[in-house]
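Residues per chain are reported as follows:
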Amino acid sequence: MTLTVVTSLAASANATVVTPPTARDGRLTQVGPIAEAGFPAWYRDSTGARLEPCFTMDDPLCAVLPDEVPNPDLPVSYPDNFPGEFFYQLADATLTLTDGTKAVIGLNVEGAWANDAVIPGDQMVFGRVRIRFAAAAGRRFRITHPYGIDDLTADDKGVRMTEDVGTIPGAFGGVLNGRVGPFLKWDPAVTPSAPAGYVGDPGVDHKVVGSPYGTNFIRIEELNPQTGAVISQVGFTDTFSVQGRYATNAGVDVDQATYTTGPDGTGAIEVYATSEPGQAIEIAANPALGIRGTRLRGANGHYYGRFPISGPLPAGASVDIVNASDRPVAKKTRALVDVVQVTKATYDADARTLTVAATSSDQDAHPGVLSVAGYGPITGQPFTHVEVPPAAITVTSTSGGSATASLLGSGAVFGPEAPIAGATADATAVVGQTVKLDGTGSTGEIDSYAWTQTAGPAAILTGGTTASASFVPPVPGSYTFSLVLTGPGGTSKPATVTVTAVPASKPIAEAGPDQTVLRGKTVTLDSAGSAGVESYSWKQVSGPAVTLAGATAAKPTFTFPAQALPASPGPNASFVYDNDPVVFELTVTNPNGTATDRVTIRPTAETFPGGVTVRYRTGNNEWRITGTSSLIAGQRITAVLGDTLGGRVIGTAAVDASGAYSIRVTGPAPGTVRTISVVTTTGGRALAVPVTVTN
């Protein structure tokens, strides 16, 4: 199977993430500043380790694969000669299982492009857990690794699971929500030590530390497909190939760069930036603005600077902020914008007006125009005909700045409106039988209900002050009732309903048409054709035992049980094959008597077009059983030795989306038996199928 998701691995029939028995202790915790190629300069984990991307080809301990670069003979450059994928952490383990199969597990933090091409804006970083090894379809395994436990069942391609978390372009924090993290690094207690500046040497398998569960190993166990019990351990390793380089550069992010000017164009520029603590964050010299290279003031990774403006700003002015501590020096360019401050944001609910006032730090001869997003320029007059205001407004400036503020409302408070009455009644009414009047469809704030009869032969009303009333018509005729509601918003308009009662007669039972359904599916019984009914009672007469939900309702449901499969390893002398239909009897009653009817629910017939092909090879004790089912229902099929279904189990497989199945397993040896039998969970069966025996 191949399964790729962008959040945690979704549970399915073939792949389940198992919660480890110990609580998680550690993860990836922080995304670094965005570097010039548009990817984070580093990621930090809960141990404080920071790893930078490996996307050069000149460092064998932190290299990108040559085939990921358009021209491997040239230096890596963005965007013309940049890799299609690279890694912050590359951690792989390869182990040989007890049957000689090679298993490969990858636990990586990977940078890539959303559309497999170097396109600005498509950058993404995700955490990947990948598990792959060959195995016969139907075999179930539990894989414990440094970042958790996975319960996987092989399909016809073996075990092939991929979980990717964080594959949204630009959402670089998504990887923090995945299972990968903290970073894996060579165990310092085991020689040799990791090369200085690196988590390890990817060319040397080594024991590691870093698992948040203390499981710094790969363990593969085979499980019983039905019960999940451990059959045996089939593979183990505690050595990994790991690649990762500790970040030496910190980078820089510019949170904001603003300007304030007076009427003569002079003023100040303010810069707010973030990086690692203790960095040399500077504004670069800018002759056009009259700025000399100057250091920002820093504390706890936050940096601030205020710089003079000696004349009017040129259009589109920007500043360069650099981290002079980095090698090469990291640089970010940020356009200068004005500072917008909202001084008033009010809504008058009575007048339905929105009033907004704001100021801009751009006060030169040509200040920017301020506007309220969705409403228009600020003119000093309120915006009118605003029926429903937003919770907050945003003021934008043509000089680039913006500010958001919450609204403060005024005016009369709102109260509930009068409720709206809704009245319905039973579709049929019979003299002498209870008729229900239903006002539960009414809406609004309701304090009281009042039902009254407004026309027709006199009748006694029960529950006249409740949402659901009733009466018993004494004679044939039309009966009209009115429902009036009261609430804090006033009294409702009356809602009326008219019921026509017919003379009493015995009920008519109609259990519905017979049905043919897939085993394992929900079935609804339908007595809509019955008439004159006061009560329903369903019971099962024959067939496989089922649980009926709503046995006293008009439309009960049940699940047609799947056919049980022979338990492994067998033999199963007491195995029961039951493909009989399920029969139900409906009994309906009213004061004048009862009536009954039956309905039969049959399982959909399943055949094996073309038969079942069976081959056993004595040389390697291998079974190959193939065929096609007439049903495509995701069912499972089990093969057993012998002419009946009570023999020893050979194996189990799933029927795929084309109806095909394949059981390919080692053992059991057939001895002198030369037939097998198969059965499916949807009731298909083939007995005494001949076996072709070869070397």
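In case you missed it, the structure is sitting above this.
Residues numbered from 1 in each chain as written. Predicted model: local features only at pLDDT ≥ 70, side-chain atom pairs only at ≥ 80, totals over all residues. Heavy atoms only, no water.

What follows deals with the sheet that holds strand E48 (residues 612-617). Reading across from one edge, E52-E49-E48-E55 is the order of the 4 strands in this open sheet, with mixed pairing throughout. Pairing within the sheet leaves two strands with one partner each, and these edge strands are strand E52 (660-666) and strand E55 (692-694). For this sheet, the mean angle separating the axes of adjacent strands, direction not counted, is 15°. Sheet analysis places E48 next to strand E49 (residues 622-628), joined by 6 bridges and oriented antiparallel. Counterpart to Arg-615 in the pairing with E49 is Arg-624. (Pairing = 2+ DSSP bridges. Helix = DSSP H or I, 4+ residues; strand = E, 2+ residues; numbered from the N terminus. Axes fitted to C-alpha atoms, helices over the stretch in contact; angles between N-to-C directions.)

Counted under the stated rule, the structure contains 1 cavity of 30 Å³ or more. Reported here for the largest cavity is a volume of approximately 40 Å³. Lining the largest cavity are Leu-97, Thr-98, Asp-99, Thr-101, Phe-133, Ala-134, Arg-139, Phe-141 and Val-234. Grouping the amino acids of the lining of the largest cavity by side-chain chemistry returns 5 nonpolar, 2 polar and 2 charged. (1 Å grid on protein atoms, 1.4 Å probe; cavity = no way out; pocket = protein on both sides within 12 Å on 5 of 7 lines; lining within 4 Å. Points joined across faces, edges and corners; volume = space filled by probe spheres on them. Nonpolar A, V, L, I, M, F, W, Y, C, P; charged D, E, K, R; others polar.)

On to the environment of Ala-418. Here Ala-418 shows up in the loop between strand E32 (408-410) and strand E33 (424-425). Judged by relative accessible area, Ala-418 falls into the partly exposed class, the value being 34%. Sequence separation between Ala-418 and Phe-584 is 166 residues, and the spatial gap between their C-alpha atoms is 49 Å. Apart from residues lying up to four places away in sequence, Ala-418 is in contact with Gly-489, Gly-490 and Thr-491. (Buried < 20%, exposed > 50% of the residue type's maximum accessible area, 1.4 Å probe, protein only. Contact = heavy atoms within 4.5 Å.)

Now for the nonpolar core. Within the largest apolar cluster, 47 residues are counted, with the highest numbers of intra-cluster contacts made by Phe-39, Phe-133 and Ile-220. Put simply, the parts of the chain that give this core at least two residues each are strand E5 (85-96), strand E6 (102-113), strand E7 (123-133), strand E8 (140-145), strand E10 (159-165) and strand E13 (218-223). Formed by 21 residues, the second largest nonpolar core is a distinct cluster that contains Ile-637, Leu-641, Ile-676 and Ala-686. (Core = buried A, V, L, I, M, F, W, Y, C linked by side-chain atoms within 4.5 Å.)

Let us look at the packing of aromatic side chains. In this structure the tally under the stated criterion is 22 aromatic pairs. With 5.7 Å between their ring centres and 85° between their planes, Tyr-78 and Phe-82 make a pair best called edge-to-face. On the basis of an interplanar angle of 10° and a centroid distance of 6.3 Å, the ring pair of Tyr-78 and Trp-113 is categorised as stacked. Of this pair, Tyr-78 sits in the loop between strand E4 (50-52) and E5 while Trp-113 sits in strand E6, and the two are 35 residues apart along the sequence. Residue classification places Tyr-78 among the partly exposed residues on the basis of a relative accessible area of 31%. Taken together through their ring pairs, the aromatic side chains of Phe-39, Tyr-43, Phe-55, Tyr-78, Phe-82, Phe-86, Tyr-88, Trp-113 and Phe-172 make up a single cluster. (Phe/Tyr/Trp six-rings, centres within 6.5 Å; stacked < 30°, edge-to-face > 60°.)

The step from Gly-181 to Pro-182 runs through a cis peptide bond, and the omega angle for that step is 0°. Looking along the chain, the bond that leaves Gly-667 and enters Pro-668 is cis, with omega of 0°. In this fold, Pro-668 is placed in the loop between E52 and strand E53 (675-680). A positive phi is found at Asn-621, a non-glycine position, where the angle reads about 55°. Residue class for Asn-621 comes out partly exposed when judged on its relative accessible area of 23%.

With that settled, the discussion passes to the state of the cysteines. Under the definition given, this model contains 1 disulfide. One disulfide bridge connects Cys-54 with Cys-62, the sulfur atoms lying 1.6 Å from each other. Handedness of the Cys-54-Cys-62 disulfide follows from its S-S torsion of about -95°: it is left-handed. Here the two residues Cys-54 and Cys-62 agree in accessibility, since each one is buried. (Disulfide = S-S within 2.5 Å.)

As a further point, take the pattern of salt bridges. Scanning the entire structure with this criterion turns up 25 salt bridges. Ionic pairing is found between Asp-151 and Arg-140, a salt bridge with its closest N-O pair at 2.7 Å. Note that Asp-151 is positioned in strand E9 (residues 148-153) and Arg-140 in strand E8, a separation of 11 residues in sequence. By the burial criterion, Asp-151 is buried, and Arg-140 matches it. Between Arg-306 and Glu-270 there is a salt bridge; the shortest N-O distance is 3.5 Å. Placement of the pair is Arg-306 in strand E22 (residues 302-309) and Glu-270 in strand E18 (residues 267-274), with a sequence separation of 36 residues. (Salt bridge = Lys/Arg side-chain N within 4 Å of Asp/Glu carboxyl O.)

It is worth spelling out the layout of surface pockets at this point. Here the largest pocket defines a volume of roughly 890 Å³. Lining of the largest pocket is provided by 33 residues; of these, Ala-136, Arg-139, Glu-222, Val-665 and Thr-666 occupy positions nearest its centre. Looking at the lining of the largest pocket, the elements that each hand over two or more residues are E13, strand E51 (649-654) and E52. Looking at side-chain class alone, the lining of the largest pocket contains 13 nonpolar, 11 polar and 9 charged residues. Each pocket or cavity is described by its volume, and for the second largest pocket that value is around 690 Å³. Around the second largest pocket, the lining is made up of 29 residues, and of these Ala-35, Glu-36, Phe-55, Asn-249 and Pro-328 lie nearest the centre. Tallying contributions element by element places strand E24 (residues 330-335) first for the lining of the second largest pocket, with 3 residues. Residue composition of the lining of the second largest pocket, grouped by class: 17 nonpolar, 5 polar and 7 charged.

Looking now at the sheet that holds E53. Within a beta sheet, neighbouring strands are joined by backbone hydrogen bonds and run either parallel or antiparallel to one another. With antiparallel pairing, the 4 strands of this open sheet are ordered in space as E51-E50-E53-E54. One side of each edge strand has no neighbouring strand; the edge strands of this open sheet are E51 and strand E54 (685-690). Taking the axes of each pair of neighbouring strands and ignoring which way they run, one obtains an average angle of 20° across the sheet. Relative to E53, strand E50 (residues 636-641) runs antiparallel, the two sharing 5 bridges. Within E53, the residue paired with Thr-638 across the bridge is Val-679.

Quick look at the side chain of Gln-243 now. Note that Gln-243 resides in strand E15 (residues 241-243). Take Gln-243: its relative accessible area is 7%, and that puts it in the buried class. Setting aside residues up to four positions removed in sequence, Gln-243 forms contacts with Cys-54, Leu-61, Cys-62, Ala-63, Tyr-88, Gln-89, Leu-90, Val-199 and Pro-202.

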